[in-house]
Every structure is written in structure tokens, then in C-alpha cells.
Amino acid sequence: MSCKQLCITLVAICSALLVIVLVRTFTLVPRKDVVIACKTADSDFIKLTDQILKRFQKALQIDTISFKRGEYNRDQLLLLGSHLQKSFPVVHSSPLVKLDIIANYSRLYTISGSNTSLTPYLLTAHLDVVPAIAEEWELPPFDAQIKDEFIYARGAIDFKQGIMGILEALEYLLSKGFKPNRSFYIGFGHDEEVTGVDGARAISQELQSRGLKQVEFLLDEGLAVLNGFIPGIKKPVALIGIGEKGFLTLKLYVKGEAGHSSMPLKETAIGILAKAVSKIEDNPLPSMLGYGPEKEMLEHLAHEMPLAARIVMSNLWLFGPIVSWFFSQKPPTNAIIRTVTSVTMFNGGVKTNVLPSDATAYINHRIHPAQSLQEIMDYDRAVINDDRVQISVEDSMVAAAGSPSGENDFGYQIISNSIRQIWTNATTAPGMMIGNTDTKHYKDFTKNIYRFSPTVMFPGDEKRFHGVNERISKNNYEQAINFYYHIIVNADKRLLMGNTDTRHYAMFTKNIYRFCPTVMFLGDEKRFHGINERISKKNYEQAINFYYHVITNADQRSLINIHQHSDEL
Ligand SMILES: CCCCCCCCCCCCCCCCCC(=O)N[C@@H](Cc1ccccc1)C(=O)O
């Protein structure tokens with residue numbers, strides 16, 4: 001090949017790449033429904049009264065701590081149960097609501113809708129919290145004191161704002177005479193923090209034993225409204241977890257030889273184990289950017305970024321390594337691109353002058369959906385490369401697959417639109433839940449599983465999860481209640497309301513109406529996008545005449561008395 005031919009070939013390749021990059025940059029535009037903002041002046045806005053605040057504080061003061069599987073504060077769970085009972089009298093006495101106490105402490109509410117042809121949905125949350133080391137907190141973790149408009153307490157964002165927010169919304173709706181069309185369930189597990197095997201799993205079994213086969217969608221705790229977490233985006237980003245990382249807890253064990261510390265061996269069990277742990281920390285797993293839900297997230301968010309970042313994010317196939325490096329720099333973004341590794345426990349030795357007879361460490365991995373448990377085990381074994389370190393699986397779960405997040409996916413769009421009604425300046429996007437939730441116990445009921453907590457977060461706040469000074473602002477708690485209010489109201493519709501082409505015309509008018517000249521009987525709704533779609537000849541004739549009248553009536557200067565169709569024209 002001559003030099004000229006080479007140059008032409010190179011220019012052709014670069015031009016082709018440039019075209020692909022630009023086409024992807026300007027064609028990845030997410031759905032933008034018109035949503036009606038929830039305003040504090042709205043007649044149905046739920047204001048944070050002193051009473052509402054007090055009952056939230058009371059719920060936070062009850063230390064429903066889970067320590068390990070089967071080990072939780074049982075008395076406190078019962079106390080929280082009676083607090084809920086007393087705080088929400090309408091919910092607990094409504095003929096539309098049935099409450100079942102499951103496995104002694106968990107709560108399953110069934111809210112009956114009038115239209116049994118609509119598939120019910122499920123809202124979940126958990127009653128338990130993790131322990132707190134009181135001395136490290138600014139304010140005591142179970143006092144729920146308020147400082148600078150924030151309520152400080154264990155459980156404030158994980159996840160008693162969900163428990164109380166859902167019940168406040170339901171109490172309000174029922175007291176205003178709300179009678180749902182669509183049935184729904186509310187499941188509060190009591191041991192989510194120790195994997196939910198006693199609580200959520202039992203709720204799921206109860207639903208199965210009742211013959212429930214399917215729910216329309218499930219909303220559990222999860223990602224949040226994030227400010228300043230994603231490089232290049234200034235406005236809040238509300239991430240809806242459509243997938244969930246897996247987890248793998250490995251036990252590392254080294255058998256040593258006890259003896260007098262005055263005559264040490266070359267290495268002790270603790271020394272051998274420490275080297276293994278150190279190798280594990282020094283060798284993070286590779287970035288899997290582009291192989292999981294984070295790809296969809298970044299492509300969704302690209303349109304909110306400045307042009308350069310937008311070009312990069314829309315073309316991860318080309319710029320993936322740069323983004324990987326960037327995201328690896330901070331723990332929250334690092335967590336979404338790779339399987340992460342935390343050494344969480346290390347034990348060995350009994351006395352200062354005794355050589356340790358053994359040592360144990362635990363490694364907790366959160367697994368990227370594109371990797372298998374076996375791959376991670378093999379990786380660790382190869383990195384440690386020392387047969388004296390015995391490796392066994394303590395606990396595990398494979399990552400959860402991505403739930404649909406398309407234009408017509410009812411659950412996703414209901415959640416996304418409800419978020420945008422509350423956080424009107426936020427952009428929503430599908431994301432991957434980096435921790436784990438109770439959703440694993442409900443996966444047989446639906447593929448539409450979403451994880452979102454109505455929590456506003458700024459950089460640094462992620463450390464408050466399971467850490468010190470967990471808190472929520474009063475304003476954010478009010479938003480949480482109103483978010484659940486909108487979820488319940490929006491999910492009560494038969495179909496997605498923002499689902500027509502009208503959104504493309506929203507800039508021309510606020511007077512947008514949606515009506516089909518179709519006569520329907522109960523059961524006909526299944527024909528939409530289903531089988532045996534049909535129209536009667538008579539109905540088609542009516543449709544023609546309806547449009548005739550729309551055109552002639554709209555041709556008037558102002559509203560006139562509309563004649564009956566049988567009248568003389
Ligand atoms: C692109 C930027 C992404 C930034 C992500 C920011 C993250 C913000 C949300 C942070 C969520 C943190 C995780 C909360 C998990 C809460 C639930 C929980 O703790 N579950 C337990 C369940 C479990 C799992 C395994 C054994 C025992 C319990 C958990 O540890 O995950």
C-alpha cells in the first residue's frame with residue numbers, strides 16, 4: 001500500500017468513527033413526559049405537620065436493630081408495630097385494608113382495589129436498622145433530635161422514612177375517601193439488614209400461598225436523588241435501580257501453631273492472613289464498564305452533560321477506558337463500574353505473648369452483574385496464591401438482572417414520573433443498586449423490580465448509610481411522603497398516561513387531551529397491545545362521525561351550544 005493509499009484509508013476510518021460518534025451523541029435522547037409538578041400550594045399536598053414529624057421521630061427512637069440472622073431486637077419490633085397501629089388509625093381500620101402480621105414482626109398490608117382486572121403492585125420497605133456506635137455520633141442515634149433542620153437517627157434514610165412515608169401517604173389518601181381501582185400490597189420486612197430470610201421471604205411465601213402469581217411492579221428502597229455525584233452533571237440525578245449487584249462473602253482461614261512468643265516461627269497465622277488480605281486490597285477487580293446497567297445510565301444522562309462529556313458518554317464503546325479511570329477515583333462511582341472488595345472482619349490471637357493458633361478474615365464482594373460468583377472466587381484464589389489460606393463461601397447471591405426501563409414500561413415510568421413531580425429539576429435514569437435489598441425474595445412475582453429511596457443526597461452523605469450521623473432533612477421527609485402519595489395515585493391508572501405522542505407537542509399548548517372514540521366493555525382493555533384487537537362496524541361509524549364533529553365544532557370562534565347528533569345540522 002502506497003503512502004497516499006494509507007493516508008486515504010486512515011482519513012476514511014477517522015471520518016467513519018467521527019460520524020458514528022456524532023450520530024450516537026445526538027440521537028441518544030431519553031423520553032421526556034410532561035408531568036404536573038407537585039406544589040406545596042396544591043390542595044392535596046401533604047404538609048409536614050408537627051404531628052407527622054413527631055410520629056416519625058417516635059419511629060426512629062425505637063431501636064429495631066438487627067445483629068445477625070435470627071438475632072434482632074424483638075421487643076422493639078413489637079413496639080414499632082404498635083406505634084404504627086396507633087399513628088395510622090384510618091389505615092388500620094379501613095375496610096379496604098387488611099393487615100397480616102407475618103413471622104411475628106413483619107407486616108403485609110393488602111389494599112383492595114375495585115377493578116380486579118388490573119394487576120396489583122407491591123411497595124416494600126424494612127422495619128429494622130443496623131447497630132450504631134453512639135459515641136461517634138454528633139447526636140445520639142436513637143433520640144431523633146433535630147439540628148439545622150435535619151433529623152439525626154439510625155434509620156432516617158435506611159429506611160424508616162420509607163415505612164412512615166408510605167403509611168402517611170396512605171393514611172392521607174384513605175382519610176380523603178380514596179378508593180383504589182388497582183389493588184396493591186405493602187410489605188414491611190423485619191430483618192432486611194441481615195438478608196430478610198425471616199421477614200421478606202415469609203411475606204413472599206404468604207403471597208404465594210394466597211395464589212398471587214404476578215405483580216405489575218415492585219418498588220423497594222434503593223438509589224436516591226443524587227447531587228454532584230456524577231461528573232459533569234449539575235442538576236440532581238434521580239437513579240432508579242433496575243438491577244442489583246450480587247454479593248459474595250468469603251471466609252479466609254489460616255491454621256497456625258500456638259507457642260511462646262519468645263520463640264516465634266518465621267510467620268504466624270496472623271502474618272500469613274495479613275499478607276493475603278493485603279494482596280486482595282492491592283488487586284481490585286477490573287472495570288466492567290459497559291457490560292451492565294451502568295451503560296444505560298450513562299447513555300441516559302449524556303444529554304445532561306456538556307458537549308465534550310456528552311460525546312464521551314454516548315460512545316462508551318470508544319471512550320470506556322477513560323471513563324473507567326475517572327469513575328475509579330471515588331468510592332460511589334467506583335462501585336458502579338466493578339465488583340468491589342471490602343475486608344470487613346479480621347480476628348486472631350488470644351494473648352499478647354501467645355502465638356496465634358489461627359486467624360480468620362471475611363471479605364465482602366459486591367458483584368458486578370457481568371461477573372459470576374465463580375469468577376470472583378477464582379480471581380481471589382489466584383491473587384492470594386497461598387494454599388495455607390483456606391477460602392470458603394460464607395454467603396452469596398448472584399446479581400439481579402436489569403428490569404425494563406423503556407418508554408412503555410409501566411412501573412419504571414410511574415416511578416420516574418412521580419420522582420419528577422416532586423423533584424421537578426431532577427433528571428431520572430436507570431441505575432444499578434450497589435447494595436442489596438429485600439427484592440431478591442420477590443423476584444418470582446415480576447421482572448419489573450425497581451429500587452429507589454426518596455432521599456436527597458450530596459457527596460459525603462453516602463458514608464451515613466450504616467455509618468455515623470445518618471440523617472434526613474425535614475423538607476426531604478415531606479418530599480418522601482408526597483413521593484409515595486404520587487406513586488399510589490399514579491399507579492392507580494390503567495395505562496401510562498404520558499404514553500401517547502402528545503409529549504412531542506407539549507411546547508405548543510397546555511390544553512392537551514387524550515380520548516379514543518372507542519366503546520369498551522370490561523375485559524376489552526386486554527385487547528390493547530393484546531390479542532383479538534377489534535372494533536365493531538357501528539363503533540367505527542361513530543368514530544368517523546366523532547371526528548367530523550370535532551372538526552366542525554372546533555371551527556367556531558368560541559364555545560357554542562353543541563347540538564345532539566340526531567338534531568338537524
Ligand atoms: C453514578 C454514581 C452512583 C452513585 C451511587 C450513590 C449511591 C447512593 C445510594 C447508596 C445506597 C447504599 C446502599 C444502601 C443499602 C441499604 C440496604 C442494605 O444495607 N442492605 C444490606 C443487605 C445485606 C446484604 C448482604 C448481607 C446482609 C445484608 C447490604 O449490606 O447491602
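Conventions used here
- Residues numbered from 1 in each chain as written.
- Predicted model: local features only at pLDDT ≥ 70, side-chain atom pairs only at ≥ 80, totals over all residues.
- Heavy atoms only, no water.
- UniProt positions renumbered as here; feature names shortened; annotations may be inferred.
- Helix = DSSP H or I, 4+ residues; strand = E, 2+ residues; numbered from the N terminus.
- Pairing = 2+ DSSP bridges.
- Axes fitted to C-alpha atoms, helices over the stretch in contact; angles between N-to-C directions.
- Contact = heavy atoms within 4.5 Å.
- Near = heavy atom within 4 Å.
- Polar contact = N/O pair within 3.5 Å; in protein donor to acceptor, adjacent residues only side chain to side chain.
- Areas by Shrake-Rupley, 256 points an atom, 1.4 Å probe, with all protein chains shown as cover.
- Nonpolar A, V, L, I, M, F, W, Y, C, P; charged D, E, K, R; others polar.
- Phe/Tyr/Trp six-rings, centres within 6.5 Å; stacked < 30°, edge-to-face > 60°.
- Buried < 20%, exposed > 50% of the residue type's maximum accessible area, 1.4 Å probe, protein only.
- Salt bridge = Lys/Arg side-chain N within 4 Å of Asp/Glu carboxyl O.
- pLDDT = per-residue confidence, 0-100.
- Parallel < 35°, antiparallel > 145°, perpendicular 65-115°, else oblique.
- Left-handed = near helix turned anticlockwise from the far one by under 90°.
- Core = buried A, V, L, I, M, F, W, Y, C linked by side-chain atoms within 4.5 Å.

A. A look at the UniProt feature "domain: Peptidase M20 dimerisation" (unreviewed entry) in the protein chain. UniProt's feature table lists "domain: Peptidase M20 dimerisation" (unreviewed entry) at residues 242-386, given in the numbering used throughout. Overall, residues 242-386 shows 43% helix and 25% strand. The separation of its end C-alpha atoms is 38 Å.

B. Main features of the sheet that holds strand β6 (residues 145-147). Spatially, β6-β7-β19 is the arrangement adopted by the three strands of the open sheet, whose pairing is antiparallel. Across the chains shown, the open sheet's two edge strands, defined by having one partner strand only, are β6 and β19 (471-473). The average undirected angle you get between the axes of adjacent strands in this sheet is 30°. Pairing geometry for β6 and strand β7 (residues 150-152), over three bridges, is antiparallel. Looking at the pairing, Ile146 lines up with Ile151 of β7. The strands that helix α2 (residues 50-61) touches are β6, β7 and β19; relative to β7, the one it contacts most, it runs at about 25°. Along the sheet, helix α14 (residues 474-491) contacts β6, β7 and β19; its crossing angle with β19, the most-contacted strand, is approximately 80°.

C. Representation of the environment of Leu118. For Leu118, the position within the fold is in the loop between β4 (106-111) and β5 (121-126). If we skip the residues at most four places from it in the chain, Leu118 touches Asn181, Arg182, Asp492 and Arg494.

D. Examining the site of the ligand more closely. Taken together, 20 residues surround the ligand, and among them Glu192, Glu193, Arg366, Asn436 and His466 come closest. Contact between the ligand and Glu192: a nitrogen atom at 3.0 Å from a side-chain N or O atom of the residue. A distance of 2.7 Å separates an oxygen atom of the ligand from a polar atom in the side chain of Arg366. Its free accessible area being 770 Å², the ligand has 90% of it covered by the protein chains. If you list the elements that add at least two residues to the shell around the ligand, you get β9 (218-226) and α11 (331-337). Looking at the shell around the ligand, the element that brings in the most residues is α11, giving three residues. Residues belonging to the shell around the ligand are distributed by class as follows: 10 nonpolar, five polar and five charged.

E. Inspection of the packing of aromatic side chains at higher detail. In the structure shown here, the tally under the stated rule is 15 aromatic pairs. Arranged with centres 4.9 Å apart and planes meeting at 10°, the rings of Tyr121 and Phe184 form a pair that is stacked. Taken as a pair, Tyr121 in strand β5 and Phe184 in strand β8 (residues 184-189) lie far apart in primary sequence, 63 residues in all. Residue Tyr121 shares its accessibility class with Phe184, and that shared class is buried. The interplanar angle of 75° and the centroid separation of 5.8 Å between the aromatic rings of Tyr172 and Tyr485 together place this pair among those described as edge-to-face. Residue Tyr172 is found in helix α5 (residues 160-175), and its partner Tyr485 is found in helix α14; the two are separated by 313 residues along the sequence.

F. Seen up close, the pattern of salt bridges. On inspection of all chains with the given rule, the structure shows 16 salt bridges. Put simply, Glu206 and Arg210 hold a salt bridge, and the shortest N to O gap is 3.0 Å. By relative accessible area, Glu206 is classed as partly exposed at 25%. Owing to a relative accessible area of 32%, Arg210 belongs among the partly exposed residues under this scheme. A salt bridge links Glu244 to Arg451, with the nearest nitrogen and oxygen atoms 2.6 Å apart. Note that Glu244 is positioned in strand β10 (residues 237-244) and Arg451 in strand β18 (residues 449-457), a separation of 207 residues in sequence. For Glu244, a relative accessible area of 0% gives the class buried. Among the charged side chains, a salt-bridge network with shared partners connects Lys98, Asp100, Glu206 and Arg210.

G. Up close: the confidence of the model for the protein chain. Taken residue by residue, the protein chain gives an average pLDDT of 92. The fraction at 70 or more is 93%. Prediction confidence for the complex, expressed as pTM and ipTM, is 0.84 and 0.95 respectively.

H. A look at the sheet that holds strand β13 (residues 340-348). The strand order across the open sheet built from four strands is β13-β15-β11-β16, with neighbouring strands paired in antiparallel fashion. For this open sheet the edge positions go to β13 and β16 (389-397), each flanked by a neighbour on one side alone. Averaged over all pairs of adjacent strands, the angle between their axes in this sheet comes to 20°, without regard to strand direction. The pairing of strand β11 (residues 246-255) with β16 spans eight bridges and is classified as antiparallel. Bridged to Lys251 within β16 is Ser392. Along the sheet, helix α12 (residues 373-384) makes contact with β11, β15 (358-367) and β16, crossing β11 at roughly 30°.

I. Layout of the packing of helix α3 (residues 74-87) against α5. Where α3 meets α5, the closest approach of the two axes is 11 Å, and the angle between their N-to-C directions is 25°. One element, α3, and the other, α5, form an angle in the roughly parallel class. At the point where α3 passes α5, the crossing takes the right-handed sense. Here Leu80, His83, Leu84 and Ser87 of α3 lie close against α5, whose contacting residues are Lys160, Ile163, Met164, Leu167 and Glu171. Here the contact of α3 with α5 is composed, by residue class, of five nonpolar, two polar and two charged.

J. View of the nonpolar core. Judged by nonpolar contacts, the single largest core of 70 residues is most densely connected at Ile186, Phe188, Phe217, Leu219, Ile415, Tyr477 and Phe483. With residues up to four places along the chain from it excluded, the contact list for Ile186 reads Arg107, Leu108, Tyr109, Ile111, Leu122, Leu123, Ile166 and Leu170. If you look at the next biggest cluster of nonpolar residues, it comprises 24 residues, including Ala224, Ile233, Val323 and Ile336.

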